[in-house]
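# Structure assessment
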Amino acid sequence: MNRADRGASGEWPFAAVLAASVAVLVVFMGLSVANFVSVSQVHASASVEATSSVGYLGLASDGTLPNNGTARAWVNVTVLNPGPKALVFDTVIYKLWIEDLPHEAGFAVPRTDVPVPNANGTGVRWLFTAYSGSNTSSAVVVPAFGKGTVPLRLDLREQIDLRAFVAVQNITGFAVSKGASATAVPWELFILTSLWIDGVPQPTSPTAPIYQIAVGRLVLQQGTDFEH
Amino acid sequence: MNIDWSAQFRRVLRILRISLVPALALGYTAFYSIYPSATFPVSSDASFGWILLVLLIASVVGGIEAEYLQEALVAAVLALPLGFTFAVLLAFTPSFAGLYLLEPSSVPFFIAHYAILVLVLSFPVNLLGAVIGGLIRDRVRTRRLPNRLSR
């Protein structure tokens, strides 16, 4: 046996250093993989379930929406998190469209609507953007293996957004004139929300690549943004 | 010419063993440099000091293991492709659980692109570590030899 073949195997302190180094590196890699897989799991499994309902405050006796009335939307944005890391809500972007029934009935309307193909593809629905905005930094926490909800209450009054209020007033008034109630008018909801994954710090370097920001940030969507 | 295949095979195995620690260190640091916020230790940005420390210690350990400087240098070079393979495997781990952060076919290119600095850095560090490791090994041996002879 030559000198090389005797090698380190015959010298236990060197072999021990090698074994210890391998063990330490394997532990580091194991911890890294565990953390990385848990972050991937959150990305793959989290989902959003948003619901909305619209009510009208101060309706006139005939069921129409008066100038001093309020159209109030309640939007609940719930994120389900089956992953092992908690999430923190950052931004919720919402859009609520009301179906422009007078436009669909052939009346000329002084507002800009969005044409959307029918579900069966035979006709076009006209939608008007009544609510559009965002809620930032609510900091609502979605626990690991749990769910969290950001409740939004959106009021539409004449003083807040005259153009949108008049449109909703006109559309609900049209529904009432056809014998339906104001609440029977269909609405469409779009939600785009971003959340931070707890325990995944954001890069501080201005030269950090975009993917490093995306690793710790989760973007979930429900519905279709008809304006894009 | 008579080639001792058994000795050659043992030599290859020995070089592989020597390159194991620098390769593991390279795989780990390359992966850490790409995902510093989702690996270990968790940090907002990759720490250059940490990467350098891990690479240097690992390459010194590799150098200590080597019997000759030539072996240590070959192992230092071999650690590059091995380390890259480890980094790719680490980035693939979520896909073993059916989870995909990246398109699987793009993972090797992604690693090569974003870990290029670590990959390039590891080469001179491995060479330096091989030399330092060799010096440490020789020093330890020369200290132990008189002890053995005196028994």
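The shown structure was predicted, so the numbers you read here are calculated from the model rather than taken from an experiment. (Residues numbered from 1 in each chain as written. Chains lettered and ligands numbered in written order. Predicted model: local features only at pLDDT ≥ 70, side-chain atom pairs only at ≥ 80, totals over all residues.)

## Description of the overall build of chain B
Helix and strand counts for chain B stand at five helices and zero strands. Its helices and strands taken in sequence order, chain B reads α-α-α-α-α from the N to the C terminus. Looking at chain B residue by residue over its 151 residues, the buried ones come to 40%. Taking as baseline every contact in chain B between residues at least 6 positions apart, the subset at least 24 positions apart corresponds to 78%. (Helix = DSSP H or I, 4+ residues; strand = E, 2+ residues; numbered from the N terminus. Buried ≥ 20, exposed ≤ 12 C-beta atoms within 10 Å, placed from the backbone. Contact = placed C-beta atoms within 7 Å.)

## Focus: the overall build of chain A
The number of helices and strands found in chain A is five helices and nine strands. Secondary structure elements of chain A occur, N-terminal to C-terminal, as α-α-β-β-β-α-β-β-β-β-α-β-α-β. In terms of overall dimensions, chain A is more spread out than a globule: its C-alpha atoms have a radius of gyration of 28 Å, far above the 17 Å expected for 228 residues. Along the first, second and third principal axes, the C-alpha set of chain A runs to 105 × 35 × 30 Å. Within chain A, the fraction of its 228 residues that count as buried is 32%. (Rg over C-alpha atoms; globule rule 2.2 N^0.38 Å.)

## Description of the interface of chain A and chain B
Contacts between the two partners involve 36 residues from chain A and, on the opposite side, 32 residues from chain B. Sorting the residues of the side of chain A that touches chain B by element identifies α1 (3-6), α2 (12-45) and α5 (210-215) of chain A as the ones contributing at least two each. Ranked by residue count, the leading element in the side of chain A that touches chain B is α2 of chain A, at 19 residues. Taken together, the residues of the side of chain A that touches chain B break down into 21 nonpolar, 13 polar and two charged. (Nonpolar A, V, L, I, M, F, W, Y, C, P; charged D, E, K, R; others polar.)

## Focus on the confidence of the model for chain B
The pLDDT averaged across chain B works out to 90; a share of 95% of its residues lies at or above 70. As scored by the predictor, the complex reaches a pTM of 0.85 and an ipTM of 0.91. (pLDDT = per-residue confidence, 0-100.)

## What about helix α4 (residues 162-177) of chain A?
Structurally, the α-helix is built with 3.6 residues per turn, so residues lying three or four positions apart point the same way. Residues and elements named next belong to chain A. With 16 residues, α4 should reach 22 Å at 1.5 Å per residue; the first-to-last C-alpha distance of 22 Å fits that figure. Listing the buried residues of α4 in full gives Ala164, Phe165, Ala167, Val168, Gln169, Asn170, Ile171, Thr172, Phe174 and Ala175. Where the residues of α4 are buried, they touch β1 (47-57), β2 (70-81), β3 (87-99), α3 (101-104), β5 (124-136) and β7 (146-156). Where α4 terminates, the next one or two residues include glycine 179, which has phi positive at roughly 90°. (Expected span 1.5 Å × (residues − 1).)

## Notes on the sheet that holds β2 of chain A
Residues and elements named next belong to chain A. With antiparallel pairing, the three strands of this open sheet are ordered in space as β1-β2-β7. In this open sheet, the two strands that pair with only one neighbour each are β1 and β7. The average undirected angle you get between the axes of adjacent strands in this sheet is 15°. (Pairing = 2+ DSSP bridges. Axes fitted to C-alpha atoms, helices over the stretch in contact; angles between N-to-C directions.)

## Description of the packing of α2 of chain A against helix α1 (residues 5-34) of chain B
Close contact between α2 of chain A and α1 of chain B brings their axes to 10 Å; oriented N to C, the two are set at 20°. Taken together, the axis directions place α2 of chain A and α1 of chain B in an arrangement best described as roughly parallel. Between α2 of chain A and α1 of chain B lies a crossing of left-handed hand. Taken together, the residues of α1 of chain B that come into contact with α2 of chain A (itself represented by Leu18, Ser21, Val22, Leu25, Phe28, Met29 and Ser32 of chain A) are Leu20, Val21, Leu24, Ala25, Tyr28, Phe31 and Tyr32 of chain B. Considered class by class, the residues forming the contact of α2 of chain A with α1 of chain B number twelve nonpolar, two polar and no charged. (Parallel < 35°, antiparallel > 145°, perpendicular 65-115°, else oblique. Left-handed = near helix turned anticlockwise from the far one by under 90°.)

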